[in-house]
Amino acid sequence: MSTYTSQFLRVNLTTGAIRAESIPEQVKRDFVGGRGLGIKYLYDELAPDIEPLGPENKLLLLTGPLGGTAAQGFSKWVAVTKSPLTGCVARALGGGDFGAYLKFAGFDFVIIEGQAERPVYIYLEGDRAEVLDARDLWGLDTRETQQKLQEKHGPRTQVACIGLAGEKLVRYATITHGRRTASRCGVGTVMGSKNLKAVATNARRSPELAQVGKLVPHDPDGFQSLAQEQIESLKTHKRRLNLTNLGTTFMVATANAAGMFPTHNFQAGSLEGFEEIAAEEFSKVKIGNFGCYSCMTRCGQVHEMSEGPYSGAFSEGPEYETIWALGGQVGNTDPGFLVAADARCDLLGLDTISTGNCIGFACELFERGIITTEDTGGLELTWGNHAAFLTLIEKIGRREGFGELLGEGVVRAARRIGKGAEAYAMHAKGLELPGYAPRAVKGYGLSYATSNIGGSHMYGRPRDELYGRLDPFAEEGKGDSIALVQKEQALDDSVVVCNFGTSGLTRQFLGSLLVAATGINEFGDMAYLDRVGERIVCLERAFNVREGFDRKDDTLPARMLTEPLQNAGPATGQVIHSLDTLLDEYYDALGYTRQGVPSQEKLQELGLTEVIEDVAISGRMH
Ligand code: SF4
């Protein structure tokens, strides 16, 4: 017995072929689940240099070994593919009930390949898996799509779908389920390129499933007792209570005080009037909580504006990152706009981080006269002009007018605009940067630069700097720390454990849960788990090396390396002078060459011998 279903579903949208395949035992042991299995199958099955929006790309939706169980905060899901923004591996995490229900349908993950001729959706129910006509869903927003499929297949149906942005191939489209989105790297764009509107699962955890041994822990009593222990601990855990009360909105004041709240397209580190969009203001308009399957933290905050120009606006958010992206990044302090814009992005299926980053980029170009109202279709893109921003969001989602250009992301948009616009594109490897200023916490800079998915705050948080154990402004002595948090995050994304839903969880406790659930004793060994995380980061890097990436791509916008950070309290004046020193330390910590490529010895040590030849062919191994 195990909480792995030990099989996955392969759906080819070109041929219509659908088949279940089993997951080899050793692959589970080496890669655990979620992101780990995602990169394993993506690496093995994708040829290098394929077009991310072509039929050769594959999209994987994956769960973890504890998904659908009583353990708290383990039922999210992960999308893995080749990113149309970066050309690197893509990883985005989604929440809600979809992951649990995918497992109840009998699958640890789904691989979607090919390209349908017309709009379709995938429907799973018990032993049934079908590709069905979605022409009547095409053009609907994410809420309407979910409602329509629930009307058709029943109210328990769990739907992961794209909105208009995914259909129109905005390069940073999301996959939305319920009130949660798998947001980053354009995973929804890949789904749209396949003419796939949705994946719906209506399976339930049935006695039949239990009888065939699926989702029954290896040690049912031991697992139950650990799950109960976790629940008891979470009941009074301070961080859990804070997240339930405020979600991530409390981070606005903290980031602003530290000067790491990027403002005006990353020129400054704090925002005048930030109090208007801090936790206290959102508390006043909070009307409820929501959460993911088997998670008592329920960190989601539902807000509704009762007055002002956005009276009546309603959203299951915004989270910290959205408050930053459509707040500090664009010079806005109107909370009503944030609620309205968050809702609109969710319905269109737009990543709010990339959307806000693109708008801030456009505002700076507008201020500098590089673009004018002739380019923007009449929109006055001045800082904080939220009425114009709301119109622009709509245009991006529909790829109309100036929104067509911004829908390409900052790198491609800057290239098309020319006139030096590249200097104002804030990204790493083509992924728009998130809401922590890298000059104020330089470990963020190193983590963004080296992240294999591009500029993401969720690839490895610089914990030692955030908790005062390392000087945030120092430019040496951080390679080990960032390598460690990236490995740990890789493991977490493979177990598919939510960083917010598991307050107080130790690595040892996590190992005990995994052993009781799966019967794989190695998962109780911390050194083994550390090696799993390292293997996943290393294979992701090998994927990128095969695509032509190396040290030259592990970098940051010139602004971070040459311009002193403005108006950032304690971080005012900071610049990252020595990214090269930090990179050398990081590569040394992971056993990579100074070109940022895994060494032959490291690949052998991690059991990735089949990758050695590919990396050697790249010519960058030495
Ligand atoms: S903490 Fe929040 S995001 Fe994480 S699993 Fe729970 S409800 Fe979902």
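Small disclaimer: the values here were computed from a predicted structure and weren't measured. (Residues numbered from 1 in each chain as written. Predicted model: local features only at pLDDT ≥ 70, side-chain atom pairs only at ≥ 80, totals over all residues. Heavy atoms only, no water.)

Caption draft 1: Structural detail: the overall build of the protein chain. When you go through the protein chain residue by residue, the secondary structure sums to 27 helices and 17 strands. The C-alpha radius of gyration computed for the protein chain amounts to 23 Å, which stays within 12% of the reference 25 Å derived for 622 residues, consistent with globular compactness. Taken along its principal axes, the extent of the C-alpha atoms in the protein chain is 65 × 55 × 50 Å. Nonlocal contacts in the protein chain, meaning residues at least 24 apart in sequence, comprise 70% of its contacts between residues at least 6 apart. In the form shown here, the protein chain has an accessible surface area of approximately 20700 Å², with 49% of it arising from carbon and sulfur atoms. Of the side-chain charges in the protein chain, 63 are positive and 79 negative, and the distance between the mean point of each set is 3 Å. (Helix = DSSP H or I, 4+ residues; strand = E, 2+ residues; numbered from the N terminus. Rg over C-alpha atoms; globule rule 2.2 N^0.38 Å. Contact = heavy atoms within 4.5 Å. Areas by Shrake-Rupley, 256 points an atom, 1.4 Å probe, with all protein chains shown as cover. Lys, Arg positive; Asp, Glu negative; His and termini not counted. Charge placed at Lys NZ, Arg CZ, Asp CG, Glu CD.)

Caption draft 2: Expanded view of the nonpolar core. Grouped together as the largest cluster of nonpolar side chains are 184 residues, with contacts concentrated most on Ile-175, Phe-361, Leu-381 and Leu-406. Per-element tally for this core: the top contributor is helix H23 (residues 526-546), with ten residues. Counting residues in each nonpolar core, the second largest holds ten residues, with Leu-140, Leu-149, Ala-198 and Ala-200 among its members. (Core = buried A, V, L, I, M, F, W, Y, C linked by side-chain atoms within 4.5 Å. Buried < 20%, exposed > 50% of the residue type's maximum accessible area, 1.4 Å probe, protein only.)

Caption draft 3: Highlighting the site of the ligand. Looking at the ligand, the residues that line it are Lys-76, Arg-180, Gly-291, Cys-292, Cys-295, Thr-297, Arg-298, Cys-299, Cys-498, Phe-500 and Gly-501. Class assignment of the residues belonging to the shell around the ligand gives a composition of five nonpolar, three polar and three charged. (Near = heavy atom within 4 Å. Nonpolar A, V, L, I, M, F, W, Y, C, P; charged D, E, K, R; others polar.)

Caption draft 4: Fine view of the sheet that holds strand E13 (residues 286-290). An order of E13-E14-E15 is seen for the three strands of this open sheet, with the pairing classed as antiparallel. A strand with exactly one partner marks an edge of an open sheet, and here the two such strands are E13 and strand E15 (314-315). Two strands pair when backbone bridges link them, and E13 and strand E14 (residues 300-304) are joined in this way by four bridges, in the antiparallel orientation. Bridging across to E14, Asn-289 finds its partner in Gln-301. (Pairing = 2+ DSSP bridges.)

Caption draft 5: The arrangement of the side chain of Asn-12 in detail. Along the polypeptide, Asn-12 turns up in strand E1 (residues 7-12). By relative accessible area, which is 16% here, Asn-12 ends up buried. Excluding its chain neighbours within four sequence positions, the residues that come into contact with Asn-12 are Ala-17, Glu-113 and Gly-114.

Caption draft 6: Layout of the environment of Leu-85. Within the secondary structure, Leu-85 sits in the loop between strand E4 (77-82) and strand E5 (89-94). Residues Leu-85 and Leu-271, 186 residues apart in the sequence, show an inter-C-alpha distance of 29 Å. Beyond its immediate chain neighbours, meaning those up to four positions away, Leu-85 contacts Arg-171, Tyr-172, Cys-185, Ser-354, Glu-408, Gly-409, Arg-412, Gly-430, Leu-431 and Glu-432.

Caption draft 7: Here's a closer look at the pairing of strand E6 (residues 109-113). Where burial is concerned, most of E6 is hidden: five out of the five residues are buried. Burial along E6 is two-sided: the residues Phe-109, Ile-111 and Glu-113 and Val-110 and Ile-112 are all buried. Relative to E6, E1 is paired through five bridges, and the arrangement is parallel. Of the residues in E6, the one forming a bridge with Arg-10 is Ile-111.

Caption draft 8: Structural view of the sheet that holds strand E11 (residues 180-182). With respect to topology, six strands assemble into an open sheet ordered E8-E7-E12-E9-E10-E11, the strand pairing being mixed. The two strands at the open ends of the sheet, each matched to only one other strand, are strand E8 (128-133) and E11. Averaged over all pairs of adjacent strands, the angle between their axes in this sheet comes to 20°, without regard to strand direction. Direction of pairing for strand E10 (residues 175-177) relative to E11: antiparallel, over a ladder of three bridges. Looking at the pairing, Thr-176 lines up with Thr-181 of E11. Most of the contacts of helix H4 (residues 142-153) go to strand E9 (residues 158-161), to which it runs at about 145°, and overall it touches strand E7 (120-125), E8, E9, E10 and strand E12 (196-201). (Axes fitted to C-alpha atoms, helices over the stretch in contact; angles between N-to-C directions.)

Caption draft 9: Just helix H18 (residues 410-417), in detail. Every buried residue belonging to H18 is among Val-410, Val-411, Ala-413, Ala-414 and Ile-417, and all of these are buried. Angular distribution of buried residues about the axis of H18 spans 165°; they occupy a single face of the element. Of the residues one or two after H18, Gly-418 is the one with positive phi, at around 70°. (Arc of directions from axis to C-beta.)

Caption draft 10: Highlighting the pattern of salt bridges. One pass over the structure, following the stated rule, counts 53 salt bridges. For the salt bridge of Glu-316 with Arg-179, the shortest nitrogen-to-oxygen distance reads 3.4 Å. One end of the pair, Glu-316, is in the loop between E15 and helix H12 (320-325); the other, Arg-179, is in the loop between E10 and E11, with 137 residues separating them in the sequence. When its relative accessible area of 16% is taken as the criterion, Glu-316 is described as buried. Relative accessible area serves as the criterion here: at 38%, Arg-179 is assigned to the partly exposed category. Across the salt bridge formed by Asp-553 and Lys-552, the nearest N and O atoms sit 3.0 Å from each other. With relative accessibility at 55%, the residue Lys-552 sits in the exposed group. One continuous salt-bridge network, built from bridges that share partners, spans Arg-10, Arg-19, Glu-21, Glu-45, Lys-58 and Glu-113. (Salt bridge = Lys/Arg side-chain N within 4 Å of Asp/Glu carboxyl O.)

Caption draft 11: Layout of the environment of Thr-157. Take Thr-157: it is sitting in the loop between H4 and E9. When residues no more than four places from it in sequence are discounted, the contact partners of Thr-157 are Tyr-123, Leu-149, Gln-150, Ala-200, Thr-201 and Asn-202. A polar contact is formed between the side chain of Thr-157 and the backbone oxygen of His-153, at a distance of 3.4 Å. (Polar contact = N/O pair within 3.5 Å; in protein donor to acceptor, adjacent residues only side chain to side chain.)

Caption draft 12: Geometry of the environment of Phe-366. The residue Phe-366 is located in helix H14 (residues 352-367) in this model. When its relative accessible area of 15% is taken as the criterion, Phe-366 is described as buried. For Phe-366 and Thr-376, which are ten residues apart along the polypeptide, the C-alpha to C-alpha distance reads 9.0 Å. With near-sequence residues (within four places) excluded, Phe-366 lies in contact with Ile-371, Thr-372, Thr-373, Thr-376, Leu-379, Glu-380, Leu-381 and Thr-382.

Caption draft 13: Spotlight on the pairing of E14. Within E14, four of the five residues are buried, leaving the element largely enclosed by the surrounding structure. When E14 meets E15, the two strands line up antiparallel, connected through two bridges. Bridge pairing links Glu-304 to Phe-314 in E15.

Caption draft 14: The arrangement of the packing of helix H8 (residues 220-236) against helix H22 (residues 507-518) in detail. Viewed as axis vectors pointing N to C, H8 and H22 meet at an angle of 150°, and their least axial separation amounts to 8 Å. By the angle between their axes, H8 is roughly antiparallel relative to H22. Relative to H22, the crossing made by H8 is left-handed. The residues of H22 that touch H8, namely those facing Gly-222, Phe-223, Leu-226, Ala-227, Glu-229 and Gln-230, are Phe-509, Ser-512, Leu-513, Ala-516 and Ala-517. (Parallel < 35°, antiparallel > 145°, perpendicular 65-115°, else oblique. Left-handed = near helix turned anticlockwise from the far one by under 90°.)

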